[in-house]
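So the chains spell out like this:
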Amino acid sequence: MKTYELLAADGNTVRSGTPGKLGGNSKAGIYGRLDCTAANAALSKGYAEHRVFFADEATAIEAGYRPCGRCMVAEYKKWKSGPDENEDYPWKVLPK
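Residues numbered from 1 in each chain as written. Predicted model: local features only at pLDDT ≥ 70, side-chain atom pairs only at ≥ 80, totals over all residues. Heavy atoms only, no water.

J.: Got a minute to help me understand the UniProt feature "domain: Ada DNA repair metal-binding" (unreviewed entry) in the protein in this structure?
T.: According to UniProt, the feature "domain: Ada DNA repair metal-binding" (unreviewed entry) maps to residues 24-71 in the numbering used here. As annotated, residues 24-71 comprises 25% helix and 25% strand, and the C-alpha atoms at either end are separated by 12 Å. (UniProt positions renumbered as here; feature names shortened; annotations may be inferred. Helix = DSSP H or I, 4+ residues; strand = E, 2+ residues; numbered from the N terminus.)

Laid out in structure tokens, this is it:
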């Protein structure tokens, strides 16, 4: 059986029989879709050595990552707007 290495919310790597649904950059702390054009274009520029995978968005957020502005536009806009008193804001890392 093929296994995949996924990043858990606590930052440890876990093996899974199911591939990750999202990819991320451990250096930049960004997560996004596996078909992201920005991430795929950066693979040849050394991005591959910082590539991590997540089972789902909740795990990526819990691990301290923020959404990609290219492939997760709605999530990025919500993250970028910062926490609002009247809404659930799950990201630990706040925009600058």
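There's plenty left to go through after this.
J.: How should the side chain of Arg66 be read in this particular structure?
T.: Mapping Arg66 onto the fold places it in strand E6 (residues 66-67). Despite its burial, Arg66 pairs with no opposite charge, the nearest such side chain being Glu75 at 11 Å. If near-sequence neighbours (up to four positions away) are discounted, Arg66 is found in contact with Gly29, Ile30, Tyr31, Tyr76, Trp79 and Trp91. (Buried < 20%, exposed > 50% of the residue type's maximum accessible area, 1.4 Å probe, protein only. Lys, Arg positive; Asp, Glu negative; His and termini not counted. Salt bridge = Lys/Arg side-chain N within 4 Å of Asp/Glu carboxyl O. Contact = heavy atoms within 4.5 Å.)

J.: Whenever I open this one, the sheet that holds strand E4 (residues 30-33) confuses me. Can you help?
T.: Strands in a sheet are paired, the pairing made by backbone hydrogen bonds, and the direction either parallel or antiparallel. One open sheet accounts for 4 strands, arranged E5-E3-E4-E6; its pairing is mixed. Two strands bound the open sheet, and with one partner strand each, they are strand E5 (51-54) and E6. Taken together, the 4 bridges between strand E3 (residues 22-25) and E5 define a ladder with antiparallel strand orientation. Along E5, the bridge assignment pairs Leu22 with Phe54. (Pairing = 2+ DSSP bridges.)

J.: I tried to follow the packing of aromatic side chains on my own but got confused; where do I start?
T.: The geometry of two aromatic rings is summed up by the distance between their centres and the angle between their planes. In the structure shown here, the tally under the stated rule is 3 aromatic pairs. With a centroid separation of 5.2 Å and 70° between ring planes, the pair formed by Tyr89 and Trp91 is classed as edge-to-face. Judged by its relative accessible area of 13%, Tyr89 is buried. For the cation-ring pair, Arg66 lies above Trp79, with the distance from its terminal atom to the ring centre recorded as 4.9 Å. (Phe/Tyr/Trp six-rings, centres within 6.5 Å; stacked < 30°, edge-to-face > 60°. Lys NZ or Arg CZ within 6 Å of the ring centre and 35° of its normal.)

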